[in-house]
Amino acid sequence: MLKNEEYIQSFIEEAKVHVETVENSLVNINLDLIDHEDVNTIFRAVHSIKGSAGFFDLTKIVELSHCMENLFGEIRNEELQIMGEMVDILLAANDCLKVMVDDVMNSQNIEIAEHVENISRFLKTDSKAFTNAKKADKKSALDKKDGFAEKAKMRNTIIEDAISHGHFYYMIKANLNEDLLKSDNNPVQIIQSIKSIGKFVWVKNCESELTSTMEDSFQDIVLEFYFTSVLQKSFLTEAINIHEQNIFEPSVLIEYQDEDVIKAESKLKSSMIEEAIEHGHFYYMIKANLNEDLLKCGNNPVELIKFIKSIGEFVELKLYAAEPIEYNEYPIEDIVLEIYFTTVLQKDFIAEALNIVEQNIYELKIEIDSQNEKDVPADEDHSATETKAAMPEQAEFEKPIDTVSKKNQQLTVEDSIRVHVSLLNDLLNLASEMVLGRNQLLRAMEKHRKSISGIDSVLQNIDHITTELQEKVMQTRMQPISNVFTKFPRIIKELAKKLGKEMELKLEGAEVELDKSIIESIGDPLTHLIRNAADHGLESPEDREKLGKPRSGTILMKAYHEGGYVNIDVIDDGAGINLDKIKSKAIEKGLVSSNEVSIMGEQEVLQLLFKAGFSTAEKVTDVSGRGVGMDVVKTNIEKLGGTIEIFTTLSRGTTFRLLLPLTLAIIPSLIVQVENQRFALPQVNLQEIVRIKPDQVTRKIEYINNSEVLRLRGGLLPIVHLADVLNLKRTYFDPEANEKKEEKRKTLFGYIQQNSENENPDKGAKGYFKMRAVTGILRILVIKIGSRKLGIAVDAIHGSEEILVKPLSSFIKDCKCYSGVTIMGDGKTAMILDPEGIIVKANLRFNEGNIENYDARLDEEVENIREQQNLLLFKCTGPETLAIDLSMVSRVEEIESSEIQRIGDKEYINFRQDSLRVIRPEDFLMLNKQESNGSKFYIIIPKLVKHPMGILIEKIHDTIQRRIILNHDEISAKGLVGSTIINDKIVLLINVYELFEMADPVNYKIKKVNEHKRPKILLVEDTPFFQELERNYLEEAGYQVLIANHGKEALDLLQQNNVDAVVSDIQMPIMDGIELIKRIRADKQLANLPVMAVTSMTGDLQKKTGLDAGFDVYEFKLDKIKLLEVLGKLLEERGHVI
Amino acid sequence: MGKVLSFYINDSLFGINITLIREINRNVEYTPVPDAKPYIVGLFNMRGQVVTLFDISKLMGINDQGHLQRTTCIILKAPANDPNQIGFLIDKPGDVIDLDKEECEIPPANVVGIEGEYIKSVVKLKDRLLMIIDPDKIF
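Calculation criteria
Residues numbered from 1 in each chain as written. Chains lettered and ligands numbered in written order. Predicted model: local features only at pLDDT ≥ 70, side-chain atom pairs only at ≥ 80, totals over all residues. Helix = DSSP H or I, 4+ residues; strand = E, 2+ residues; numbered from the N terminus. Expected span 1.5 Å × (residues − 1). Bend = angle between axes of the 7 residues up to and from the residue. Buried ≥ 20, exposed ≤ 12 C-beta atoms within 10 Å, placed from the backbone. pLDDT = per-residue confidence, 0-100. Contact = placed C-beta atoms within 7 Å. Pairing = 2+ DSSP bridges. Axes fitted to C-alpha atoms, helices over the stretch in contact; angles between N-to-C directions. Parallel < 35°, antiparallel > 145°, perpendicular 65-115°, else oblique. Left-handed = near helix turned anticlockwise from the far one by under 90°. Nonpolar A, V, L, I, M, F, W, Y, C, P; charged D, E, K, R; others polar. Core = buried A, V, L, I, M, F, W, Y, C linked by C-beta atoms within 7 Å.

Comments concerning helix α23 (residues 516-537) of chain A
Residues and elements named next belong to chain A.
Link 1 in the chain: Taking 1.5 Å of rise per residue, 22 residues should cover 32 Å, and α23 covers 30 Å from first to last C-alpha, within 8% of that figure.
Link 2 in the chain: Where α23 bends most, the angle comes to about 35 degrees, and this point is I522, followed within four residues by the proline P525.
Link 3 in the chain: Of all the residues in α23, the buried ones are I518, I522, P525, L526, L529, I530, R531, N532, A533, A534, H536 and G537.

Below, the structure written as structure tokens:
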């Protein structure tokens, strides 16, 4: 029942502070020597209470504080001398205020007349004005608590003031439905627009129209917006989006309505209500926010009133901005409508009939008689009786007792308390400590779990509670991202006006929570991105129209969780980023050379945007394009431990994606060890870990003047040893002496070179460098910071841990290699490594423009990511080597030739108490057949087939893991996928399904798709073997097949071809399946395309990820029957959509 | 002058105003910080707070003969959450001594250099001298 209840907590907290201020100041006031500052303080405090209380319709508090304010106003203006008696009375009044503030919900029931009277006795001039205002108020029996005349007076002062400052005074008169809502013009927006160009005074509904509502000619609500602005009338139309004919320049200020008229009107209304009540009507008031309660629910107020007229008597409509104008502390959020009417219906029926929340309907009780009587003698007597008379409000809200008490309870439960952030940090620390303690306890008690009865459940309990405690404590620092998001709609509005573009901002995921410190620091980067999107991204409305896009551009801001990080996407549907433009700009600015640019890939070009001193805006506007910013955005995001990515499609739009850690304090990191000391390395910068076996070290690590480098995918990666960087003495384990010795060799892995050169005669022992094998596995962490990459060699890797970052003490701040300290699971401290610092310390100088040949590296990468295949090599009776993919093999059994039984022309074996047909590949494939002489055979039992048959072979050669290059031209036959060369031998790869089909045509017949239609399937698969296999499956089933090697190629093909369905692998280089499906689903034209994921990763989790990303189905790629079945179904289901 | 806690480093007797001390810890397990200043021994975890451990014998230039593994330390008071929690290693703590003003003297003129700077006053105990250190100067 209270207005704006969600803010009431903050009001109470605030008001308590103010009440206390008043009390302290009053108590300390020195009567002989009045300090103006003291009086001012009290005045301000009381004024604030009044202001905020008015916002919540807490009329009693308003009234009392208003009295006090008046008194202090007079004291301040030295119209009144403060004296001892006055202080006592004020203190008493303040106490009363305190009581009301403490129990806001019941404040309306507290008697304040005595205090008001006491205070009013002291009042001189102002009291008259106030009471006069009250009187004027009373004239309109149904007016709100605050005096109309008083308000009008105040408004007039605002207007006069504005006019004296060169403003013009305007009034917009518009029909709510006809002029505004029909053209999507929201009155609240109008008020906001007005506020941006001038001073908004007030809004009301046109009185004269109201009278006409009495007769049944009601058509529309007429709104009148009063405001002042420096703008000429002709500009207003543009700024506010209103027809010029609707804008008036009223010559007079807001008129005090003639008392008689008001009286007459109110009398008329009162008598009407009276009459209605006599006829068994109830008197109601609906109070609703125009946007929030009505329009959002599709409830048009005009329709509402029309409907009310059909169910009862409409009395009056009141309309005002949801904010006391005099205290501009709250932004106008909405327009409040108060609809007064009478009807015979019960409250709950009305709620249902009008589609209004019941809380918004108030039943009013009106004692019209007494009211009118009170109104009459208002003029003569002095203020005391007057205020007293004003006490009982003309219409009291009826509130059922039970809801009141319930509300009160709720309030106390939700009580919040202001806590210093440092206390929360302490709690966080202690909670983590507790987790450590728990871990130690659990470890120590592990052995005794069984021996001490009952200890198990206790431990579990502690375990559980500690985890929960830590989570809760973490939560205290979490804040919803909406705290940042809320400021963007306004920015966009302003930008739209400034840039002359039409744009709309959509916000998603405002409830996603992030650590307070992160919330605080992402505001600026996001603002910058939004500005960029609005300025550079979106085209002008005219250009958009030409391109066939809606005039208004859309900027979507979306926050969501992904992989332990929070992603924030800033997506615009604008022009996209023109890579060529960036290139030429970058060359022009001298950031890169044209040679370098020519070999850059898309992402690398986009990264140029983040270089300092880069700006692509053709003309520099004051919105963006100052050439600073994007680099700052990147730095800021990286400072938070996040990263930023860009995706862009020309003329489709651009997406900036921020990846942020959930909290600053806790980061995932890798625990590594050198020389028995552990360090934590944040995982954000970690790209991969290269593990080199001891016998390979010398081959993989190469030297350039004693500097170690590793060949990694065509590039050379500089290697630094963590121990060297940290000035730790490197040791090695000498197996002869069986102890650790200090490592003296500079180049750890280059003993061969060292040995041959032998240029260290002073070391004496020539044998020192003797072929001492590198004993340990070498682990290299590949770190990437921007375009800089390096390898850090460490001794051991202990796995990853979520670590709590603690700041470095100032005594070790000078060590560049650390970014913080942490306490690990065992309670020991460990330093957190700072890769940036390591680069500095190790003296690595990266040539900023040093970008390797992108294409070559890309190819290399493609080569590497390509799934390796596990093949089983075997032979049948002939000399040919055959192969089958291991993933299709369930098991291999050894059998004696005697176990094979012939039934008709088919052979069977007894396999697990069941008969299993076995086939000899040479019977079906074009292979050489020889009489077998051995008595032992092997049976390959394939998996993922419906009607299993064993494949009878003679000998198993080997299983190998290889990336194979498939040749399907030279040797091709039914039943074979193709051939490849392994160890200089031709190996034939068997297509199990085709083989089975040949052997058992009945069970393995594939239903062919309609020959006439021949749906076109886009097959996205990078591994040649699978590509061939799946194409085979599909083509055989009658599909037309297009092939793409990775997601990017697939997207290009999709643009050019009309495709009926997509079958895609997940693991692919350049763009994987997940990203592909996301892009497909994001594309309007492709969104409904049936897309099937086929993969060799069949975990439930992967499946879920795939389905979540938008795949229709997720199948194992080698199961031909299932694949075709599912695909067929999918095409049927989705078919009609296309 | 108040109470002073005496402690030994290398057989030298030092003292520190007891009000500055937060606690004395035996058997601390600290983690060395490679590449830090030589007088920083390492860091250790005191109930969730990271304490920087100093070797004041190195700081003060006291001839440190026995490279003994000290594991006892004195931790100074510091506001909670201050990352600069300070502790320093000692050989062993001594007694708490009540001091009179008369017993104290400023360091004699020939005690100069770093040593002189860090020593606030010298106390003439019955059988030996006690050097009161001034943590504000040291850290």
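Observations regarding the confidence of the model for chain A
All names here are of chain A.
Link 1 in the chain: Residues of chain A with pLDDT of at least 70 account for 76%, and the chain-wide mean is 73.
Link 2 in the chain: pLDDT under 50 marks residues 209-215. Its contacts with residues more than four places away, or in other chains, come to eight contacts.
Link 3 in the chain: Contacts from residues 749-773, a stretch scored under 50 in pLDDT, to residues over four places away or in other chains number 20 contacts.

Description of the environment of G73 of chain A
Link 1 in the chain: Take G73 of chain A: it is sitting in helix α3 (residues 59-76).
Link 2 in the chain: Expressed as a C-alpha distance, the spacing of G73 of chain A and I42 of chain A, which sit 31 residues apart in the sequence, is 9.7 Å.

Examining the interface of chain A and chain B
Link 1 in the chain: Across the contact, 27 residues belong to chain A and 19 residues belong to chain B.
Link 2 in the chain: Those elements that place two or more of their residues in the side of chain A that touches chain B are α19 (421-445), β28 (818-823) and β29 (829-833) of chain A.
Link 3 in the chain: No other element matches α19 of chain A, which puts seven residues into the side of chain A that touches chain B.

A few points about the environment of S915 of chain A
Residues and elements named next belong to chain A.
Link 1 in the chain: Here S915 is to be found in strand β35 (residues 915-919).
Link 2 in the chain: When the 11 C-beta atoms within 10 Å are taken as the criterion, S915 is described as exposed.
Link 3 in the chain: If near-sequence neighbours (up to four positions away) are discounted, S915 is found in contact with Y908 and N910.

Examining the sheet that holds strand β32 (residues 889-896) of chain A
Residue and element names in this part refer to chain A.
Link 1 in the chain: A sheet is described by the order of its strands in space; here six strands give the open sequence β32-β36-β37-β35-β34-β33, paired in mixed fashion. Both outer strands of the open sheet, β32 and β33 (901-903), are each paired with one neighbouring strand and no more. Strand-to-strand twist across the sheet, computed as the mean angle between neighbouring axes with direction ignored, equals 40 degrees.
Link 2 in the chain: In this structure, strand β36 (residues 936-942) lies alongside strand β37 (residues 949-953), joined through three bridges in antiparallel fashion. Looking across to β37, one finds that Y938 is bridged to I953.

Observations regarding the packing of helix α1 (residues 8-28) of chain A against helix α4 (residues 84-102) of chain A
Residue and element names in this part refer to chain A.
Link 1 in the chain: Between α1 and α4, whose axes approach to 10 Å, the crossing angle comes to 165 degrees. Between α1 and α4, the angle falls in the class roughly antiparallel. In the crossing of α1 with α4, the sense of the turn from one axis to the other is left-handed. For the pair α1 and α4, contact is made by I12, A15, K16, V19, V22, E23 and L26 and by V87, L90, L91, N94, L97, K98 and V101, respectively.
Link 2 in the chain: When grouped by side-chain class, the residues that make up the contact of α1 with α4 number ten nonpolar, one polar and three charged.

Re the pairing of strand β39 (residues 976-982) of chain A
Residue and element names in this part refer to chain A.
Link 1 in the chain: Burial analysis of β39 places five of its seven residues in the buried class, which makes it a mostly covered element.
Link 2 in the chain: Here β39 pairs with strand β40 (residues 985-990) via six bridges, running antiparallel. Bridge assignment links S979 to a residue of β40, and that residue is L988.
Link 3 in the chain: The hairpin formed by β39 and β40 contains two residues between the paired strands, and N983 there has a positive phi angle of roughly 50 degrees.

Remarks on the nonpolar core
Link 1 in the chain: Counting 74 residues, the largest nonpolar core has I792 and L833 of chain A together with L53 of chain B as its most contacted members.
Link 2 in the chain: Non-local contacts of I792 of chain A, meaning those with residues more than four positions away in its chain, are made with V720, L722, I780, L781, I783 and I838 of chain A.
Link 3 in the chain: Counting residues in hydrophobic clusters, the runner-up holds 64 residues, among them L871, I951, A999 and A1050 of chain A.

A few points about unusual backbone geometry
Link 1 in the chain: We note that S651 of chain A has phi near 60 degrees; this positive angle belongs to a residue other than glycine.
Link 2 in the chain: Here S651 of chain A lies in the loop between β15 (643-649) and β16 (653-661).
Link 3 in the chain: Positive phi values are uncommon outside glycine, yet D35 of chain B reaches one of about 80 degrees.
Link 4 in the chain: Tracing the sequence through the fold places D35 of chain B in the loop between β3 (21-25) and β4 (40-46).
Link 5 in the chain: The exposure class of D35 of chain B is partly exposed, given the 18 C-beta atoms found within 10 Å.

Digging into the sheet that holds β3 of chain B
Residue and element names in this part refer to chain B.
Link 1 in the chain: Taken in spatial order, the five strands line up as β3-β6-β7-β5-β4 in an open sheet, and their pairing is mixed. The sheet is open, and its two borders are formed by β3 and β4, each paired with just one other strand. Strand after strand, the sheet turns through a mean of 30 degrees between neighbouring axes, direction not considered.
Link 2 in the chain: Where strand β5 (residues 49-54) meets strand β7 (residues 85-90), four bridges bridge the pair, whose relative direction is parallel. Considered in β7, the bridge of V51 is made with Q85.

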